[in-house]
Amino acid sequence: MTTTDHAHDRDDHRDPTLYRTPADAVAAPPEKLAYVVGFDPTAQRADALFTVGTDPESPVYGRVISHAELPDPGNELHHFGWNACSSALAHAGHHHATRRYLIVPGLRSSRLHVFDTSPDPARPHLVKVIEPEELAAKAGYSRPHTLHCGPDGMFLSCLGGADGADGPGGVALLDHESFEVLRAWESDRGPQRLAYDVWWHLRQNIAVTSEWGSPSMVEDGLVPELLLGRQYGHSLHFWELDSGRHLQRVDLGDENQMVLELRPAHDPEATWGFANTVINVEDLSASVWLWNRKGEDFVVRKVITIPAEPAQTEDLPPALQPFGAVPPFITDIDLSVDDQWLYVSAWGTGELLQYDVSDPFRPRQTSSVRLGGVVGRQPFPAEPDIPLTGGAQMVELSRDGRRVYLTNSLYSAWDAQLYPAGIDPWMVKLDADPSHGGLSFDSRFFPHGPDFLGLRVHQTRLQGGDASSDSYCYRR
């Protein structure tokens, strides 16, 4: 990168929430709003995008400020992302991009919903809907899952082939400004067939994808025969980012079922990152894995194992009674922007664990909290008389690493298997110590139940960006 490029990046007219370095992101003003998607598991009511106040000085702190409903039911809003983020600073022509629009896929409907956060960020409004036919015709995909803004456009990982077919799943490329579906990103997919997440090492021109399952494997719930048959995804794939050419597959072992979230280091010079697996079919544990580059190839090693917890049969849902234990079910992880802290959510037990990963090869647990859980139903400390349903699930971390936001629903069909009595929505905020570790509950922040109109809440995005929505172009 030349001196001229650096000078261009400092253009005073660019969006201040596009950060040149991780340190710039950490030092920027804290978020005042959080955006949270909610869905109706019965598909009878409209899903919605909620806005929650996160400014402690505001009278609406910890409260739902507004919601914007979708025009059609049955979308199952799940993951979503910004049209532009800090990666835009690496690419000519995108220096004046603005983090303005939220692209919200419907995981079941395959529709894409575009919300404008201008002129009032507290009240986003729907401005465009991209129908599933466009995604199918132009990219050959359906069941859009995760969206990241990146080089050449927005990268949208999709679980299914066109019209909900079982695959192969993959990544669609969308235009940053028009939101038009451009094409499939892959030019040579090699052995990759299953999809889930996509991320990258921007400076090294490397992309990474993970594996869950095809639509028929996930939409009606976890299929025991497929799980015990080791048929869900168990590999990481490494790609050439600019060309979409498959470079390498690394199998984590078919006992380690469902490789989900990808959290590459934010340091643009680093070539390591974390991924999680949901369950080991041999002992019901869950794990976190570290990838790193050695020469031209990537190697992957297990660095965290969380065991299953024994439980009385009568306390377990039918799906778990044959096992006499609660698997932790790691369903989300998040890495702080300074690459120092890793958060791991165990949705089955309701535990959120904090690890010091200043040495990523040797994570060290520093704290944990529990909320909900299949057996424990641990309450929010400020309201101890309300046993919580669901468990610590989607985790989002502020750019400065001081605030951790949690929600409690995974996916409607899977919710029904682990929490058959139902899931009442909740969202909490934890205060974290980014210097020494440690977590504490914020008693003022607990929107739940009617606050979300009874819709189940999933992913959270933070105003100005968060720990899982940006990749950075420069180290300093």
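The written sequence of each chain sets the order in which its residues are numbered from 1. Reporting of local features is limited, given that this is a predicted model, to residues whose pLDDT is at least 70; pairs of side-chain atoms are given and counted only at 80 or more, and all residues count toward the totals for whole chains, interfaces and linings. Excluded from the side-chain calculations are hydrogens and water; all other atoms, namely the structure's heavy atoms, are used.

A. Spatial organisation of the overall build of the protein. To qualify as a helix, a DSSP run of H or I must reach at least 4 residues; to qualify as a strand, a run of E must reach at least 2; elements of each kind are numbered from the N terminus. Scanning the protein from N- to C-terminus turns up six helices and 30 strands. In this description the radius of gyration comes from C-alpha coordinates, and the expected globular size is given by 2.2 Å times residues to the power 0.38. Taken over the C-alpha trace, the protein has a radius of gyration of 20 Å; the compact-globule value for 476 residues is 23 Å, and the two agree within 12%. With respect to the principal axes defined by its C-alpha atoms, the protein has extents near 65 × 55 × 45 Å. Here's how the labels work: a residue is buried when its accessible area is under 20% of the maximum for its type, exposed when over 50%, partly exposed in between, all with a 1.4 Å probe on protein chains only. Here the protein, with 476 residues, has 63% of them falling under the buried criterion. For the protein, contacts bridging at least 24 residues in sequence account for 58% of all contacts bridging at least 6. When charges are counted, Lys and Arg contribute as positive and Asp and Glu as negative, whereas His and the chain ends are disregarded. Taken as the charge centre is NZ of Lys, CZ of Arg, CG of Asp or CD of Glu, depending on the residue. The average position of the 39 basic charges and that of the 66 acidic charges among the side chains of the protein differ by 4 Å. Whether two residues are in contact is decided by their heavy atoms, any of which lying within 4.5 Å being enough.

B. Just the pairing of strand S23 (residues 341–346), in detail. Within S23, six of the six residues are buried, leaving the element largely enclosed by the surrounding structure. Along S23, one buried face is formed by Trp341, Tyr343 and Ser345 and the opposite face, lined by Leu342, Val344 and Ala346, is buried too. As consecutive antiparallel partners, strand S22 (residues 330–335) and S23 are separated by five residues, and within that stretch aspartate 339 has a phi angle of approximately 65 degrees, a positive value. Think of it this way: DSSP has to see at least two bridges between two strands before they count as a pair. As defined by bridge partners, S23 adjoins strand S24 (residues 351–356) across six bridges and the pair is classed as antiparallel. Looking at the pairing, serine 345 lines up with leucine 352 of S24. In sequence, S23 turns back onto S24 through a hairpin of four residues, with glycine 350 there showing a positive phi of about 80 degrees.

C. Molecular detail of the packing of aromatic side chains. Aromatic rings from Phe, Tyr and Trp, with only the six-membered ring used for Trp, were paired whenever their centres fell within 6.5 Å, and each pair was classed as stacked if the ring planes differed by under 30 degrees, edge-to-face if by over 60, and tilted otherwise. Summed over the entire model, instances satisfying the criterion amount to 19 aromatic pairs. Note on phenylalanine 50 and phenylalanine 452: the rings are 5.2 Å apart at their centroids and 85 degrees apart in plane angle, and the pair reads as edge-to-face. With phenylalanine 50 in strand S2 (residues 46–53) and phenylalanine 452 in the loop between strand S29 (439–441) and strand S30 (456–462), this pair connects stretches of sequence that are 402 residues apart. For phenylalanine 50, a relative accessible area of 0% translates into the label buried. Residue classification places phenylalanine 452 among the buried positions, given a relative accessible area of 0%. Summarising the aromatic geometry, the rings of tyrosine 196 and tryptophan 212 are spaced 5.8 Å apart at their centres and angled 80 degrees between planes, so their arrangement reads as edge-to-face. Taken together, the residues tyrosine 196 in the loop between strand S11 (181–184) and strand S12 (198–201) and tryptophan 212 in the loop between strand S13 (206–209) and helix H4 (215–218) connect sequence positions 16 residues apart. Both residues of the pair, tyrosine 196 and tryptophan 212, count as buried. Every member of this aromatic cluster is reached through a ring pair, and the members are Phe155, Trp185, Trp199, Trp200 and Trp239.

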